[in-house]
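# Summary of the model geometry
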Amino acid sequence: MAAQEAIGRSAVIGRSRHSHIRQIDATRPAAPILELLAAEVRIGELEAALNEARAAAFTDALTGALNRRGFDDAYQREVARARRNGSRLALALIDLDDFKRLNDTLGHQAGDEALVHLVKGLRAALRPSDILCRFGGEEFVLLLPETGLSEAATAIARFQRHLATNALPDRDVVVTFSAGVVVQGPGESLEDSLQRADAATYAAKRAGKNCVVTA
């Protein structure tokens, strides 16, 4: 009887030992799976880093608006769409008023704050399809797809009024801008459109600033 019990215990122990060995064998495929998951995570991280680098290459670091490179890319896309659909493409050149004086009297930090303030306000007022670019300094270009001249001018003037009633955060300073608005003609180059918008912006400055002139 004791011998049978010993044999039984031995059989149980043997089954337990062999069962344990089978569990180890079953876990061996987990190593390649973990390696695959780690590789997928790494690929995702690399893709995210690549997207961030691409966004940085097309974006103005201070304001978050597109830079010239980003604008050129967006413009080519929008002008092709406008020509394909036969729709209008409005362009506005926006120039902050008295920007040099703001920098000279309050410092460049205040100037940077004014630029960021302008872009934040514009983004809140613009449609998702509108494209804003910082062309350099205090000068911005706004593309308004499928928009006529009077409609674009009205939208810019409305934003001017909004900006003029909202001072810079934590500063008792109100910034304004002058704008020239054009609609790109059939076959007109970007350079020609910008020249017309620039002339209109200059006319807005001469007219007393904080106004919109169309061309």
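Keep in mind that what you see is a predicted model, and the values were worked out from it rather than measured.

### Quick notes on helix α4 (residues 99-106)
Because each turn of an α-helix spans 3.6 residues, side chains separated by three or four positions end up pointing in the same direction. The set of residues buried in α4 consists of Phe99, Leu102 and Asn103. Down the axis of α4, the sector holding all buried residues measures 95°, keeping them to one side. Opposite the buried face of α4, by more than 90 degrees, sit the exposed residues Lys100, Arg101, Asp104 and Thr105. Contact partners of the buried residues in α4: β1 (89-96) and α5 (108-125). One or two residues past the end of α4 sits Gly107, with phi positive at roughly 100°.

### Concerning the sheet that holds strand β4 (residues 177-183)
Pairing within the open sheet is mixed, and its 5 strands lie in the order β2-β3-β1-β4-β5. Edge positions in the open sheet fall to β2 (131-136) and β5 (212-214), since each of these has one partner strand only. Ignoring strand direction, the axes of neighbouring strands in this sheet form an average angle of 20°. Two elements, β2 and strand β3 (residues 139-145), share 5 bridges in a ladder whose sense is antiparallel. Paired with Arg134 across the strands is Phe140, a residue of β3. Running at roughly 165° to β4, helix α6 (residues 149-164) makes contact with β1, β3, β4 and β5 of the sheet.

### Section: the pattern of salt bridges
Side-chain pairs of opposite charge can arise whenever the charged atoms involved come near each other. Within this structure, the stated rule accounts for 12 salt bridges. For Asp98, the salt bridge is made with Arg101, and the minimal N-O distance between the two is 3.3 Å. The partly exposed category is assigned to Asp98, whose relative accessible area is 31%. A salt bridge links Lys209 to Asp98, with the nearest nitrogen and oxygen atoms 2.6 Å apart. Taken as a pair, Lys209 in the loop between α7 (190-206) and β5 and Asp98 in the loop between β1 and α4 lie far apart in primary sequence, 111 residues in all. Classification of Lys209 as partly exposed rests on a relative accessible area of 32%. Taken together, the salt bridges that share partners define one network made up of Asp73, Arg77, Glu78 and Arg81.

Quick notes on the rules
- Residues numbered from 1 in each chain as written.
- Predicted model: local features only at pLDDT ≥ 70, side-chain atom pairs only at ≥ 80, totals over all residues.
- Heavy atoms only, no water.
- Buried < 20%, exposed > 50% of the residue type's maximum accessible area, 1.4 Å probe, protein only.
- Helix = DSSP H or I, 4+ residues; strand = E, 2+ residues; numbered from the N terminus.
- Arc of directions from axis to C-beta.
- Contact = heavy atoms within 4.5 Å.
- Pairing = 2+ DSSP bridges.
- Axes fitted to C-alpha atoms, helices over the stretch in contact; angles between N-to-C directions.
- Salt bridge = Lys/Arg side-chain N within 4 Å of Asp/Glu carboxyl O.

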